Amino acid sequence: MGTTSFLKRVRGLLRIRNQLVRECLAELLATFMLIIITLSSSAQKITSSEIKGNLLTSYLGGALAVMVGVYTAGGISGAHMNPAFSFAMCLIEQFPWWKFPIFVVVQTLASFISAGAVYILYYGMGEQYLAREPHSDGWGGQAYGHALPLSQDAIWHYSNGTLTVSGPRETASIFATYPADYVSITNGFLDQVIGTGVLMVGVMGIMDTRNKAVPKGLEPVVVGLLVLSIESSMGANCGCPLNPARDLGPRLFTYVAGWGPEVFRWVQRRG
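Every residue gets a number counted from 1 within its own chain, in the order that chain's sequence is written. Predicted model: local features are reported for residues with pLDDT of at least 70 only, side-chain atom pairs are reported and counted for 80 or more only, and whole-chain, interface and lining totals are derived from all residues. To obtain the side-chain values, all non-hydrogen atoms of the structure were included, while hydrogens and water were left out.

Per an unreviewed UniProt entry, the protein chain is named AQP10 protein, and its organism is Pomatorhinus ruficollis. For the record of the protein chain, the UniProt heading Sequence similarities (unreviewed entry) holds the text "Belongs to the MIP/aquaporin (TC 1.A.8) family." For the record of the protein chain, the UniProt heading Subcellular location (unreviewed entry) holds the text "Membrane". UniProt positions are given in the numbering used here, feature names are shortened, and annotations may be inferred rather than shown by experiment.

(A) Region of interest: the overall build of the protein chain. A run of H or I in DSSP counts as a helix once it spans at least four residues, and a run of E counts as a strand once it spans at least two, with each numbered from the N terminus. Scanning the protein chain from terminus to terminus reveals nine helices and two strands. Working definition: with a 1.4 Å probe on protein chains only, accessible area under 20% of the residue-type maximum means buried, over 50% means exposed, and in between means partly exposed. Buried positions account for 42% of the 271 residues belonging to the protein chain. The criterion used for residue contact is that any of the two residues' heavy atoms lie within 4.5 Å. Sequence separation of 24 or more characterises 68% of the internal contacts of the protein chain that already satisfy a separation of 6 or more.

(B) View of helix α3 (residues 55-73). Working rule for helices: expected span equals 1.5 Å times residues minus one. The end-to-end C-alpha distance of α3 is 28 Å, a good match for the 27 Å that 19 residues give at a rise of 1.5 Å each. Every buried residue of α3 is accounted for by Ser58, Tyr59, Gly61, Gly62, Ala63, Ala65, Val66, Gly69 and Ala73. Where α3 is buried, its residues touch α2 (19-47) and α8 (219-234). Under this definition, polar contacts are N or O atom pairs within 3.5 Å; protein pairs additionally need one hydrogen-donor-capable and one acceptor-capable atom, and for neighbouring residues in sequence, both atoms have to be side-chain atoms. A side-chain oxygen of the first residue of α3 lies 3.0 Å from the backbone nitrogen of Leu56; this N-cap is Asn54.

(C) A look at the UniProt feature "transmembrane region" (unreviewed entry) in the protein chain. Under the local residue numbering, the UniProt record ascribes the feature "transmembrane region" (unreviewed entry) to residues 20-39, 59-79, 100-122 and 189-207. For the annotated span residues 59-79, helix accounts for 71% and strand for 0% of the residues, and the straight-line distance between the end C-alpha atoms is 20 Å. Helix makes up 100% of residues 189-207 and strand 0%, whereas the separation of the span's terminal C-alpha atoms amounts to 27 Å.

(D) View of the environment of Gly235. For Gly235, the location among the structural elements is in the loop between α8 and α9 (244-259). The sequence separation of Gly235 and Gly195 amounts to 40 residues, and the corresponding C-alpha distance is 8.8 Å. Residues contacting Gly235, with those up to four places away along its chain left out, are Tyr59, Ile230 and Cys240.

(E) Expanded view of the packing of aromatic side chains. Two rings from Phe, Tyr or Trp (for Trp, the six-membered ring) form a pair when their centres are within 6.5 Å of each other. A pair whose planes differ by under 30 degrees is stacked, one over 60 is edge-to-face, and the rest are tilted. For the structure shown, the criterion picks out 12 aromatic pairs. With a centroid separation of 4.8 Å and 25° between ring planes, the pair formed by Tyr119 and Tyr123 is classed as stacked. Of this pair, Tyr119 and Tyr123 both sit in helix α5 (residues 100-123), four residues apart, which is roughly one turn of that helix. For Tyr123, a relative accessible area of 5% puts it in the buried group. Where Tyr119 meets Phe253, the ring centres are 5.3 Å apart and the plane angle is 70°; that geometry is what we call edge-to-face. Of this pair, Tyr119 sits in helix α5 while Phe253 is found in helix α9, placing the two residues 134 residues apart along the sequence. Taking the relative accessible area as the measure of exposure, Tyr119 reaches 10% and is therefore buried.

(F) Structural detail: the packing of helix α4 (residues 83-91) against α5. Put simply, α4 and α5 touch, their axes get as near as 9 Å, and they point 165° apart. As the angle between them shows, α4 and α5 are arranged roughly antiparallel. The two elements α4 and α5 cross, and the hand of that crossing is right-handed. Contacts from Pro83, Ser86, Phe87 and Cys90 of α4 reach α5 at Phe100, Phe103, Val104 and Gln107. Looking at side-chain class alone, the contact of α4 with α5 contains six nonpolar, two polar and no charged residues. Axis geometry follows a simple rule: fit a line to the C-alpha atoms, using only the stretch in contact for helices, then measure angles between N-to-C directions, giving values from 0 to 180 degrees. Roughly parallel here means an angle under 35 degrees, roughly antiparallel means over 145, roughly perpendicular means 65 to 115, and every remaining angle is called oblique. Throughout, a crossing is termed right-handed when the near helix is turned clockwise from the far one, and left-handed when it is turned anticlockwise from it by less than a right angle. Residue polarity is assigned by list, with Asp, Glu, Lys and Arg as charged and Ala, Val, Leu, Ile, Met, Phe, Trp, Tyr, Cys and Pro as nonpolar; anything else, Gly included, falls into the polar class.

Below, the structure is given as structure tokens:
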């Protein structure tokens, strides 16, 4: 009884009663779940040279991440996880305009934090261990001379210790999306307008009660399948971000984490 009473008091003290704060924290957590799974699936594919993942697993990870995010906070904040979706909700008067900038900041912040988590997971802050270089000791035996740094983390190992945005060993695309070599600025813009538009129309159709209803509780699964279909059909040009926060937050992180200002430049023939 004493323990139960104590836990009740703790829950009462920790309970957040402000509705806006609750919604923001829920949106932060949902977006964090979305981005950390999405970026990790990309990191696994790239750093393993597609041995432990490929384009399909990357797309599948992103689609399932959407499902997880909606299940995480759909009942509290609506699990927008995307400024484009929040904007669409405002346009149809399903979401107040004054909350829109707040949600955009929260979604972008969550994406930034998620990128940091993936960086730590796959890069380990660049920590290394030292191994001694073997050589002959002149007496027929073996001695150890200069200490050689050996990388023990995926991004560091894959990139040979150099964080680049272009080239065969680039790693910036783990975090943000970059256009294919042949894509112009105009085509890239159109690609994202169409892709995001298809996503918005699809989600609106799933939410519309006048349409054939999705079985209750399975809406996140159907939304995930929608995202997978878009990624599988419209991902060639720009990587199919479909989400300003998903791209901007991690891109800002790569800028401060060592990839530099090139992450904001449009450079053709990156590969």
